[in-house]
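Working through the structure, step by step
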Amino acid sequence: MKRLLGIFTLALLALLFASAGAEARTVNVEASQDGTGSSAIVTLKWKFTAGDRLFRTFDGDNWTELTIPAATADGNVTVKDDNNGSGFVKGSNVFYEIRDAGYDADTTKRSTSTKQSHIKRVNMFIDSGNPTVENAHGNYVSNTNACASCHVNHKGKSAAKQLLKTDTVRALCETCHTAAAAGSKYLVDYGAVRDKNGDFTPAPAGPITKGTETELFGAAVPNDPALAAKGIKKATSGHPYTGVYKAQGDSLNLGLSADKKSTVLLETRSMQCTSCHQAHPNDNNFRLLKSVNSTYAAVAPSTTLTATVTPVVIEAYAVNTDGTKETVRYKSGATQFCEQCHKAFHPTTGTTSTFNGETFFIHPSEKAMNLHGALLTSNLPLQNAKDLAPGDSPNNITLDNGKTKDSYITCITCHYSHGTPNAGEQKSNFIPGKTSTMLNRMDYVGVCQECHKK
């Protein structure tokens, strides 16, 4: 049975509004898988345009160009990829790009929306161990049944008029992305990824569940002993995704907070899964992340705040070549995405920022891994970090852990995006009397020592 497995990993359903930004090339690709494991064949079908080229990668660094056969009478091409006859590893992730004739001629960086306009990316996961279901988010085959996973034509429950099967977007996401539901290999509640054997490994984004509501502050809830033994623990602090929320040190820039109104961004003013993610992506962004970046201002004589929207290209790859644990290779956009809400923590120049009239100094982000000329090493997630194979001769300095000086620290170097299972509460710098584990990637402030090694 054909399985639609095109995926943008944190599958978070029911798009609330069309995200402005770095739109991918407008081309509909039908993506499916036949067979399993070493017998698996991935099929891609699309309307061919002269100059189209197709590439495959497993890690975002090494790309292989695939042969595109002649188009049929209706103008479509169908490429069947069996990975040079060896098939694929069960549970692995595979990434494809269709690049048009203008890709090579465009000399801008891949992190720009103009470069992305020449690309259509299709992400696939192979035999994830999930029930045989079609992916809910895109690259549908012509006779798809995926729409019915989330929508119902004549009895929708959502007040947002999207014909959803549930009353809220969060509830809809949880019909697949929890350990109890097991409808996806990405279990957001526990921060786990289901591997090729049906077992669990920790997810790069961390767990988001913390009691009945996800909160930045408060006591941790008990872990499941069997999962905890595998490193799968509930969050001691998590990113809020319910209710109106004001970010520490800044106000929200996604049209969410009560004091920010926009005629451009029409999403409701409460945090939920679709505050960050889109169900049906119109761009190539990693993890279904939205590409909106907005700056608010009032134009006289009006006092209404409106948003100027610019794109954010979040390029990253969930690398899983052996069907077990995933690691993420970040290329661009991590800090720019976070600053959509936490803008005060990423000043455009220098390392000072101002909030509520107070000027303060902050740790640099989107900066190379060096301190006063000394290159630092770290095993934490870095952007543009490429693992160097023996014999590689990069045109830059290689650090002792195989990373290069072109590796950059970003927000997600120190912090999980969903939540942390780690211990070590710290006092809040912005909310008196509150303590939190601050989504830190290591216990207490071990992230400091990981880089600075004092």
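Calculation notes
Residues numbered from 1 in each chain as written. Predicted model: local features only at pLDDT ≥ 70, side-chain atom pairs only at ≥ 80, totals over all residues. Heavy atoms only, no water. Disulfide = S-S within 2.5 Å. Buried < 20%, exposed > 50% of the residue type's maximum accessible area, 1.4 Å probe, protein only. Pairing = 2+ DSSP bridges. Helix = DSSP H or I, 4+ residues; strand = E, 2+ residues; numbered from the N terminus. Axes fitted to C-alpha atoms, helices over the stretch in contact; angles between N-to-C directions. pLDDT = per-residue confidence, 0-100. Contact = heavy atoms within 4.5 Å.

Going by an unreviewed UniProt entry, the protein chain carries the name Doubled CXXCH motif domain-containing protein and comes from Paenibacillus athensensis.

**Here we look at the state of the cysteines**
Each disulfide is one covalent bond, formed between the sulfur atoms of two cysteines. Within this structure, the stated rule accounts for 0 disulfides. Of all cysteine sulfurs in the structure, the one in C414 sits closest to C448, which takes part in no disulfide; the separation is 7.0 Å. For C448, a relative accessible area of 42% gives the class partly exposed.

**Focus: the sheet that holds strand β2 (residues 41-47)**
Read across the open sheet, the 3 strands follow the order β1-β2-β5; overall the sheet is antiparallel. Only two strands of the sheet have a single partner each, and these edge strands are β1 (30-34) and β5 (76-81). Neighbour-to-neighbour, the strand axes of this sheet turn through a mean angle of 15°, independent of strand direction. Note: β2 against β5, 6 bridges, orientation antiparallel. Pairing of T43 across the sheet is with K80, part of β5.

**Overview of the confidence of the model for the protein chain**
Predicted coordinates in areas of low pLDDT are best not read in detail. Overall, the prediction assigns the protein chain a mean pLDDT of 75, with 70% of residues at 70 or greater. Confidence over residues 1-21 falls short of pLDDT 50; this stretch has 105 contacts with residues more than four positions distant or in other chains. Every residue in residues 244-269 is under pLDDT 50, and counting partners more than four places away or in other chains gives 91 contacts.

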